[in-house]
Amino acid sequence: MSFLQLFILSIVQGFAELLPVSSSAHVIMAEKWMGLDPTSPELTMLLVMLHTGTMFAVIVYFWKSWRATYFSSASAFRSNVLLLAAATALTGIVGFGLLKGITHVMSKDAPGFEIEHLFGNAKLMAAALAAAGVLIIVSSRLQARQHGTLSIGKAMVIGAVQGLCLPFRGFSRSGATISAGIAMGVPQRRAEEFSFALAVVLTPAVLVKEGWRFYQAVANGSLDHLEHGNSLLHLLGPSLLGMLLSFLAGLLALRWLSRWLEQGRWHFFGAYCLLASLVVLYLG
């Protein structure tokens, strides 16, 4: 992979992961455009590091407000942890239940089936992008209803919506969860903070999954084309650089997202998703 390809993937991941526009759809299309193999161990390791970079960007960006919200008192900490736990539980129930159900129906539980191959289909990605765009636009029309609080029931709905996003490439997790919160009357800033707190809880599981894929590639000898004994060293340098680039891009993306939420421009992200769905459909 050239430096230019590394730079493009890192910036695309950093921005698209944290903006409500679906990182998976953008990264998959960028990989296809540059002729990269997304199943290669080099790219698998790079994506693990890029996800790590964006996770740190979220923590750095929201740490001050999270400290005021989650750590202001023992009772505030307990209540917010309960909200996160309830939402994450619903994400697991809905998301992994959906993944298992789709796998059973589409492959009859055949060994070696990868659901990523199914949802990497351009038509499905375009449909998911369009659905996310419609959800964002609809929620933006309901922003005047932001007078409620984040109850455990609303947190569970947001967690369930996050679970729906897991198998569908193109269905933006942040776009769907923030939109769900806004539609239920949760103030924009609170919905944003909670959505990305859920992301920090969920990201380690994603990293473990991608790390396992990398380990399997190493175990299967997929790195034999690199110099023996230096395989990881060859991959670590570019991956660390990619992590740094995705971290910086992620910080810029979060500032952009917060500003547009505050300025009532949330619907612009929905319009972009609708446009992107047409582009993905055309290019796919």
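Residues numbered from 1 in each chain as written. Predicted model: local features only at pLDDT ≥ 70, side-chain atom pairs only at ≥ 80, totals over all residues. Heavy atoms only, no water.

Novice: Describe in detail the layout of surface pockets, supporting the description with residues and values.
Specialist: The rolling of a water-molecule-sized probe over the atoms marks out the regions of remaining empty space. If you add up the space inside the second largest pocket, you get close to 310 Å³. Counting only elements with at least two residues in the lining of the second largest pocket, the list comes to α1 (3-18), α2 (23-33) and α11 (266-283). A breakdown of the residues in the lining of the second largest pocket according to their chemical character gives 13 nonpolar, 1 polar and 1 charged. (1 Å grid on protein atoms, 1.4 Å probe; cavity = no way out; pocket = protein on both sides within 12 Å on 5 of 7 lines; lining within 4 Å. Points joined across faces, edges and corners; volume = space filled by probe spheres on them. Helix = DSSP H or I, 4+ residues; strand = E, 2+ residues; numbered from the N terminus. Nonpolar A, V, L, I, M, F, W, Y, C, P; charged D, E, K, R; others polar.)

Novice: Kindly report on the pattern of salt bridges, identifying the contributing residues and their values.
Specialist: The full count for this structure, using the stated rule, is 2 salt bridges. The salt bridge partner of Arg189 is Glu192, with a shortest N-O separation of 3.2 Å. One end of the pair is Arg189 and the other is Glu192, both in helix α9 (residues 188-219) and 3 residues apart, which spans about a single turn. A relative accessible area of 2% means that Glu192 is categorised as buried. As a salt-bridge pair, Arg189 and Glu193 come within 3.4 Å of each other at their nearest N and O atoms. Here Arg189 and its partner Glu193 are both found in helix α9, 4 residues apart, which amounts to about one turn of the helix. Residue classification places Arg189 among the partly exposed residues on the basis of a relative accessible area of 32%. By sharing partners, the salt bridges in this structure join Arg189, Glu192 and Glu193 into a single network. (Salt bridge = Lys/Arg side-chain N within 4 Å of Asp/Glu carboxyl O. Buried < 20%, exposed > 50% of the residue type's maximum accessible area, 1.4 Å probe, protein only.)

Novice: Run through helix α8 (residues 173-183), naming residues and quoting values.
Specialist: Burial within α8 is extensive, with 10 of its 11 residues counted as buried. Within α8, burial applies to Arg173, Ser174, Gly175, Ala176, Thr177, Ile178, Ser179, Ala180, Gly181 and Ile182. Of the residues flanking the end of α8, it is Gly185, one or two places downstream, whose phi is positive at about 90°.

Novice: Lay out the UniProt feature "transmembrane region" (unreviewed entry) in the protein with the relevant residues and their values.
Specialist: Per the UniProt record, the feature "transmembrane region" (unreviewed entry) sits at residues 43-63, 75-98, 118-138, 194-212, 232-254 and 266-283. Across residues 75-98 one finds 100% helix and 0% strand; the C-alpha atoms that close the span lie 34 Å apart. Taken as a whole, residues 266-283 contains 100% helix and 0% strand, while its terminal C-alpha atoms sit 26 Å from one another. (UniProt positions renumbered as here; feature names shortened; annotations may be inferred.)

Novice: Break down the packing of aromatic side chains for me, citing the residues and quoting the values.
Specialist: Enumeration over the complete set of coordinates arrives at 12 aromatic pairs. Measuring from ring centre to ring centre gives 5.5 Å for Phe62 and Trp66, while their planes differ by 20°; the resulting arrangement is stacked. Of this pair, Phe62 and Trp66 both sit in helix α3 (residues 41-70), 4 residues apart, which is roughly one turn of the helix. Each ring, one from Trp256 and one from Phe269, has its centre 6.1 Å from the other, and the planes form 50°; the classification is tilted. One end of the pair, Trp256, is in helix α10 (residues 231-262); the other, Phe269, is in helix α11, and 13 residues separate them in sequence. Within the aromatic cluster, the residues linked to one another by ring pairs are Phe15, Trp256, Trp260, Trp266, Phe268 and Phe269. Looking at Arg173, its charged tip hangs above the ring of Phe196, at a distance of 5.8 Å from the centre. (Phe/Tyr/Trp six-rings, centres within 6.5 Å; stacked < 30°, edge-to-face > 60°. Lys NZ or Arg CZ within 6 Å of the ring centre and 35° of its normal.)

Novice: I'd like a rundown of the environment of Leu6, residues and numbers included.
Specialist: Checked against the element boundaries, Leu6 lands in helix α1. Leaving out residues up to four positions away in the same chain, Leu6 has contacts with Met1, Leu46, Pro238, Leu241 and Gly242. (Contact = heavy atoms within 4.5 Å.)

Novice: Give a description of a nonpolar patch on the surface that names residues and reports values.
Specialist: Taken together, the side chains of Phe3, Phe7, Leu241, Leu244 and Leu248 present a nonpolar region at the surface, about 460 Å² in accessible area. Among the secondary structure elements, those contributing two or more residues to the nonpolar patch are α1 and α10. The element that contributes the greatest number of residues to the nonpolar patch is α10, accounting for 3 residues. Among the secondary structure elements, Leu241 is positioned in helix α10. (Patch = residues over 30% accessible without salt bridge, like charges linked within 9 Å, V, L, I, M, F, W, Y side chains within 5 Å. Areas by Shrake-Rupley, 256 points an atom, 1.4 Å probe, with all protein chains shown as cover.)

Novice: An account of α11 is requested, with residue identities and associated values reported.
Specialist: The end-to-end C-alpha distance of α11, which contains 18 residues, comes to 26 Å, matching closely the 26 Å that a straight helix rising 1.5 Å per residue would cover. Residues Trp266, Phe269, Gly270, Cys273, Ala276, Ser277 and Val280 constitute the buried set of α11. Taken around the axis of α11, the buried residues stretch over an arc of 120°, which confines them to a single face. Away from its buried face, by an angle of more than 90 degrees, α11 presents the exposed residues Leu275, Leu278 and Tyr282. (Expected span 1.5 Å × (residues − 1). Arc of directions from axis to C-beta.)

Novice: Could you give an account of unusual backbone geometry, with specific residues and numbers?
Specialist: Its identity is not glycine, yet Ser22 carries a phi of approximately 75°, on the positive side. One can find Ser22 in the loop between α1 and α2.

Novice: Let's hear about the nonpolar core: which residues, and what values?
Specialist: Membership of the largest hydrophobic core comes to 49 residues, with the highest contact counts inside it found for Phe194, Phe196, Leu257, Trp266 and Phe269. It is helix α6 (residues 122-140) that contributes the most residues to this core, 7 residues altogether. If we skip the residues at most four places from it in the chain, Phe269 touches Leu19, Pro20, Val21, Ile136, Trp256, Leu257 and Trp260. Among the nonpolar cores identified, the runner-up in size contains 10 residues, and Leu9, Ala30, Leu36 and Leu43 belong to it. (Core = buried A, V, L, I, M, F, W, Y, C linked by side-chain atoms within 4.5 Å.)

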